[in-house]
There are 2 protein chains.
Amino acid sequence: MQNLSKNQQIIFDLIDKSPEPLKAYAILFNVQKKGIKAPLQVYRALDKLVKIGKIHKIESRNAFIACNNSSCQVSNATAFSICEVCEKVTEISNTNLSKYLSNFKDKEGMKFNKYNLEFFGLCKKCKNK
Amino acid sequence: MQNLSKNQQIIFDLIDKSPEPLKAYAILFNVQKKGIKAPLQVYRALDKLVKIGKIHKIESRNAFIACNNSSCQVSNATAFSICEVCEKVTEISNTNLSKYLSNFKDKEGMKFNKYNLEFFGLCKKCKNK
DNA sequence: TTACATAGTGTTATATTATAACAATTTTAA
DNA sequence: TTAAAATTGTTATAATATAACACTATGTAA
Ligand SMILES: [Zn+2]
Ligand SMILES: [Zn+2]
Ligand SMILES: [Zn+2]
Ligand SMILES: [Zn+2]
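Residues numbered from 1 in each chain as written. Chains lettered and ligands numbered in written order. Predicted model: local features only at pLDDT ≥ 70, side-chain atom pairs only at ≥ 80, totals over all residues. Heavy atoms only, no water.

### Focus: the protein's contact with DNA strand D
What counts here: By convention in this text, a residue qualifies as near a molecule or strand provided that one of its non-hydrogen atoms is within 4 Å of it. We define a polar contact as two N or O atoms separated by no more than 3.5 Å, with the added condition that, inside protein, one atom must be a possible hydrogen donor and the other a possible acceptor, whereas residues neighbouring each other in sequence contribute only through side-chain atom pairs. For the purposes of this entry, the term helix denotes a DSSP run of H or I that reaches at least four residues, the term strand denotes a run of E that reaches at least two, and both are numbered from the N terminus. Lys, Arg, Asp and Glu make up the charged group, whereas Ala, Val, Leu, Ile, Met, Phe, Trp, Tyr, Cys and Pro make up the nonpolar group; the residues left over, Gly among them, are polar.
Of all residues adjacent to DNA strand D, which total 17 residues, the nearest are Lys-23, Leu-40 and Lys-57 of chain A together with Gln-41 and Arg-44 of chain B. Of all atoms in DNA strand D that approach within 4 Å of the protein, 45% are sugar or phosphate atoms. Take Lys-48 of chain B: an N or O atom from its side chain is 2.8 Å from a phosphate oxygen of DNA strand D. Where the surface near DNA strand D is concerned, the elements lending two or more residues are helix H3 (39-51) of chain A together with helix H1 (6-17) and helix H3 (39-51) of chain B. A per-element tally of the surface near DNA strand D places H3 of chain B first, with four residues. Split into classes, the residues belonging to the surface near DNA strand D amount to five nonpolar, five polar and seven charged.

### What to know about the sheet that holds strand S3 (residues 77-83) of chain B
For the record, the criterion: One requirement defines pairing of two strands: DSSP has to find at least two bridges between them. Axes here refer to lines fitted to C-alpha atoms; in helices the fit is confined to the stretch in contact. Angles between the N-to-C directions go from 0 to 180 degrees. Contacts are residue-level and defined by heavy atoms, with any inter-residue pair within 4.5 Å sufficient.
With respect to topology, six strands assemble into an open sheet ordered S5(A)-S4(A)-S6(A)-S5(B)-S3(B)-S4(B), the strand pairing being mixed. At either margin of the open sheet sits one strand with a lone partner, and together these are strand S5 (89-91) of chain A together with strand S4 (89-91) of chain B. Averaged over all pairs of adjacent strands, the angle between strand axes in this sheet comes to 20°, irrespective of strand direction. Sheet strands in contact with helix H4 (residues 95-102) of chain B are strand S6 (114-121) of chain A together with S3 and strand S5 (114-121) of chain B, and its direction is about 130° off that of S5 of chain B.

### Describing the side chain of His-56 of chain B
Residues and elements named next belong to chain B. Applied cut-off: The rule is simple: take the accessible area with a 1.4 Å probe, protein chains only, and divide by the maximum for that residue type; under 20% is buried, over 50% is exposed, in between is partly exposed.
With respect to the helices, strands and loops of the structure, His-56 is situated in strand S1 (residues 55-58). By relative accessible area, His-56 is classed as buried at 3%. At a separation of 3.1 Å, a polar atom in the side chain of His-56 contacts the side chain of Glu-91.

### Let's talk about the relation of the copies chain B and chain A
Definition in use: Our superposition of the copies is a least-squares fit, built on the C-alpha atoms of residues whose pLDDT is at least 70 in both.
The transformation that overlays chain B on chain A combines an axial shift of 0.0 Å with a rotation of 180°, and the residual RMSD is 0.0 Å. Expressed as a symmetry operation, the mapping of one chain copy onto the other fits a two-fold axis. Every residue of chain B has its C-alpha some distance from the rotation axis, and the shortest such distance is that of Leu-117 of chain B, at 2.2 Å.

### Some words on the interface of chain B and chain A
Note the following rule: Each of two parts loses accessible area, computed with a 1.4 Å probe, when they are put together; buried area is these two losses added. The salt bridge definition used is simple: a Lys or Arg side-chain nitrogen within 4 Å of an Asp or Glu carboxyl oxygen.
Each side of the interface is counted separately: chain B has 27 residues, and chain A has 27 residues. For the pair chain B and chain A, the two sides together bury roughly 2700 Å², of which 64% comes from carbon and sulfur. At the boundary of chain B with chain A, the tally comes to two salt bridges. Between Glu-84 of chain A and Lys-114 of chain B there is a salt bridge; the shortest N-O distance is 3.3 Å. Elements with a contribution of two residues or more to the side of chain B that touches chain A: H4, S5 and helix H5 (124-127) of chain B. If one sorts the elements of the side of chain B that touches chain A by residue count, S5 of chain B sits on top with eight residues. When grouped by side-chain class, the residues that make up the side of chain B that touches chain A number 13 nonpolar, seven polar and seven charged.

### Comments concerning the pairing of S3 of chain B
Residue and element names in this part refer to chain B. Extensive coverage of S3 is indicated by the burial of six of its seven residues. By the bridge criterion, seven bridges tie S3 to S5 in an arrangement that is parallel. What sits directly across from Ala-77, in S5, is Tyr-115. Judged from the three bridges that link them, S3 and S4 form a sheet pairing that is antiparallel. Directly across from Phe-80, in S4, lies its bridge partner Glu-91. With antiparallel pairing between neighbouring strands as the criterion, S3 and S4 make up a hairpin whose turn holds five residues, including Glu-87 at a positive phi of roughly 70°.

### Looking at the domain arrangement of chain A
Residue and element names in this part refer to chain A. Under the convention used in this document: Segment limits for the domains were obtained from an automatic or database-derived domain assignment.
Split by domain assignment, chain A resolves into domain 1 (6-66) and domain 2 (77-127). Summarising the inter-unit geometry, the C-alpha centres of domain 1 and domain 2 are found 22 Å apart. When the two sides are added together, the surface that domain 1 and domain 2 hide from each other amounts to roughly 710 Å², 57% of it contributed by carbon and sulfur. Among the residues domain 1 hides against domain 2, the three largest losses belong to His-56, Ile-58 and Arg-61. Together they make up 57% of the total. Where domain 1 packs against domain 2, one counts one salt bridge. Note that Arg-61 is salt-bridged to Glu-87, the shortest N-O span being 2.6 Å. The interface formed by domain 1 and domain 2 holds four residue pairs in polar contact (both at pLDDT 80 or more) in total. For the side of domain 1 that touches domain 2, the element with the highest residue contribution is strand S2 (residues 55-58), accounting for three residues.

This is the structure we're talking about:
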């Protein structure tokens, strides 16, 4: 559990308090008043935060959310649900699922040290409309 | 099983015969001799081909591969293994896995009509080096 | 404490990926 | 046959991400 650098902390705080995934340039816009002026400064912090598992990238949306799963300190096994109407994203923490996927072997018996799963559908709210 | 339009067919053929996932601008470069000159022409064909399940997008790589799974004619349930060394991508067709994921319910009992799963690790070849 | 490695910062420029907007043509099906 | 839906062509531009270089801060081990 290492300390974050200045830029990493600024960017993590922003993502962590956001109710929705944030895109890199939205982050850039938001942190310019704090002195972070260039895309690279944002992307470097994002890369590091992803690497240490403080945030995750939602690949299908090119957006970033804070990890909500204390046991997920390394970002090697992630699962999300994504509402196709309101774009609400929720990290899924399900022991059964993560066990199943971590132990999954392909046809040739290969196991994988990392996975990312994205479910798509309607969230509860959007379903009841 | 609808027929493909001219541009869709050209682009599908290219992806289908490629041993590796292709990126949109690599596709564009390759089909320029066939008269497809602009990014949008490529992206429109890709969108359609993804929609009808003839190809899939590898989200973490922004690249496209042909579907190798005859039962996967709609692209609503996809799984891939990706080698982090040589970038080889293989579509996984595993009844047990797809059943498990299609029936998965989250904490609130929600089911999802669609998912995409990407495994990362070393392919057989890269592992034995 | 010095020196070395590692990680982080700041900056400019540029590469890569993807869509907006508009006009025309072709295909499909009632 | 005619109207809707799908596809095409084109120019311009938006959005996402990295290269390259110079410098600074931090940790660590002699
Ligand atoms: Zn997490
Ligand atoms: Zn919703
Ligand atoms: Zn498929
Ligand atoms: Zn490999």
